[in-house]
Amino acid sequence: MAKILFVVTGAKHWTLADGSQHPTGFWAEEFVAPYDAFTEAGHEVVVATPGGVVPVVDEGSLSAEMNGGKENADAIAEKVRSNSALKQPISLDAVALDDYIAVFYPGGHGPMEDLAVDPTSGALLNDVIDSGKPLGVVCHAPAAFLAAKRADGSPTFTGYQVTGFSNAEEDQAGLADKAKWLLQDRLVELGVDYQEGEPWAPKVVVDRTLFTGQNPASSAPLAEKILSALA
């Protein structure tokens, strides 16, 4: 059984422009849908977080509204609660990339708080891209690209075609005017070729070994693209 590494935010809040703390964590669907796809395909998922802290789920991602009704919301909440990998994460600085065939970053606003400024994650992203192994990153998790730099200080992902949570989606979610910065803006500033799809519709972009998804609805299609590449 081959292993796939999930790098999950350890943040419990997202600091807004006024200094207030917006409760957050990882987004349930963006963890559960790829986790299910990879494990059903016979792979083992290992979770890593900064410092090995047990990650928390964004409670908003467990709502009926975000999951197509209460039945689906209850089902995804149970999958989060019962997931043993989430309960026993390893520390990000203990990751040995050779142990994994692919790396996946779920989103949620949490990565905007911690992974965006985490040099250990940034170094791992460099190593994954250089290794040729598939790297999957969804929704707000491309914020982690901000911490990935080459030895000369240049951004690792300049020139890559990528997608991620759009300004339009952040605006419709009601947080754009409260944020210190918006993901789409920062990605463009990195020099990536940002690809924007319709708000909330699945959108997956593949460039070389980098696989990115725009939003929660992109999580399952993104995982399928990665599985196809592994096959």
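Residues numbered from 1 in each chain as written. Predicted model: local features only at pLDDT ≥ 70, side-chain atom pairs only at ≥ 80, totals over all residues. Heavy atoms only, no water.

1. Structural notes on the pattern of salt bridges
In step 1: Counted according to the given criterion, the structure contains seven salt bridges.
In step 2: A salt bridge links E78 to R81, with the shortest nitrogen-to-oxygen separation between them at 3.5 Å. In this pair, E78 and R81 are both assigned in helix α2 (residues 70-82), three residues apart and thus about one turn of the helix distant. (Salt bridge = Lys/Arg side-chain N within 4 Å of Asp/Glu carboxyl O. Helix = DSSP H or I, 4+ residues; strand = E, 2+ residues; numbered from the N terminus.)

2. Some remarks on the UniProt feature "domain: DJ-1/PfpI" (unreviewed entry) in the protein chain
In step 1: The UniProt entry lists residues 28-228 under the feature "domain: DJ-1/PfpI" (unreviewed entry), expressed in the numbering used here.
In step 2: Secondary structure over residues 28-228 splits into 35% helix and 14% strand, and the C-alpha atoms at its two ends are 23 Å apart. (UniProt positions renumbered as here; feature names shortened; annotations may be inferred.)

3. Section: unusual backbone geometry
In step 1: In this structure, C139 takes a positive phi of about 65° despite not being glycine.
In step 2: Among the secondary structure elements, C139 is positioned in the loop between β7 (135-138) and β8 (161-162).
In step 3: The phi dihedral of W200 is positive, around 75°, even though this residue is not glycine.
In step 4: Residue placement: W200 occurs in the loop between β9 (193-194) and β10 (204-207).

4. Observations concerning the layout of surface pockets
In step 1: If you add up the space inside the largest pocket, you get close to 280 Å³.
In step 2: Taken together, 18 residues make up the lining of the largest pocket; nearest its centre are W27, M66, H109, A173 and L175.
In step 3: Split into classes, the residues belonging to the lining of the largest pocket amount to nine nonpolar, six polar and three charged. (1 Å grid on protein atoms, 1.4 Å probe; cavity = no way out; pocket = protein on both sides within 12 Å on 5 of 7 lines; lining within 4 Å. Points joined across faces, edges and corners; volume = space filled by probe spheres on them. Nonpolar A, V, L, I, M, F, W, Y, C, P; charged D, E, K, R; others polar.)

5. Section: the side chain of K133
In step 1: The topology assignment puts K133 in the loop between α5 (119-131) and β7.
In step 2: At 4.5 Å, D98 is the nearest oppositely charged side chain to K133, a buried residue that forms no salt bridge.
In step 3: For K133, the side chain forms a polar contact with the main-chain oxygen of L97, separated by 2.8 Å.
In step 4: With residues near it in sequence (within four places) discarded, K133 still touches L97, D98, Y100, I101, V128 and T209. (Buried < 20%, exposed > 50% of the residue type's maximum accessible area, 1.4 Å probe, protein only. Lys, Arg positive; Asp, Glu negative; His and termini not counted. Polar contact = N/O pair within 3.5 Å; in protein donor to acceptor, adjacent residues only side chain to side chain. Contact = heavy atoms within 4.5 Å.)

6. A few points about α5
In step 1: In this model, α5 (13 residues) spans 18 Å end to end at C-alpha, consistent with the 18 Å of a helix rising 1.5 Å per residue.
In step 2: Residues S121, G122, L124, L125, N126, V128 and I129 constitute the buried set of α5.
In step 3: Two or three places before T120, at the opening of α5, D118 has a side-chain oxygen 2.8 Å from that residue's backbone nitrogen. (Expected span 1.5 Å × (residues − 1).)

7. A few points about the environment of G108
In step 1: Among the structural elements, G108 can be located in the loop between β6 (102-105) and α4 (110-113).
In step 2: A relative accessible area of 1% means that G108 is categorised as buried.
In step 3: Once the C-alpha coordinates of G108 and A73 are considered, the two residues, 35 residues apart in sequence, prove to be 16 Å apart.
In step 4: With sequence-adjacent residues up to four places away left out, G108 is seen in contact with T24, G25, F26, W27, E30 and H140.

8. Considerations on the environment of Q195
In step 1: Here Q195 is to be found in the loop between β9 and β10.
In step 2: For the pair formed by Q195 and T212, sequence separation is 17 residues and the distance between their alpha carbons is 9.8 Å.
In step 3: Residue contacts for Q195: discarding those within four places in its chain leaves Q161, V162, T163, K203, V205 and Q214.
In step 4: Of note is the side chain of Q195, whose polar atom sits 2.9 Å from the side chain of D193.

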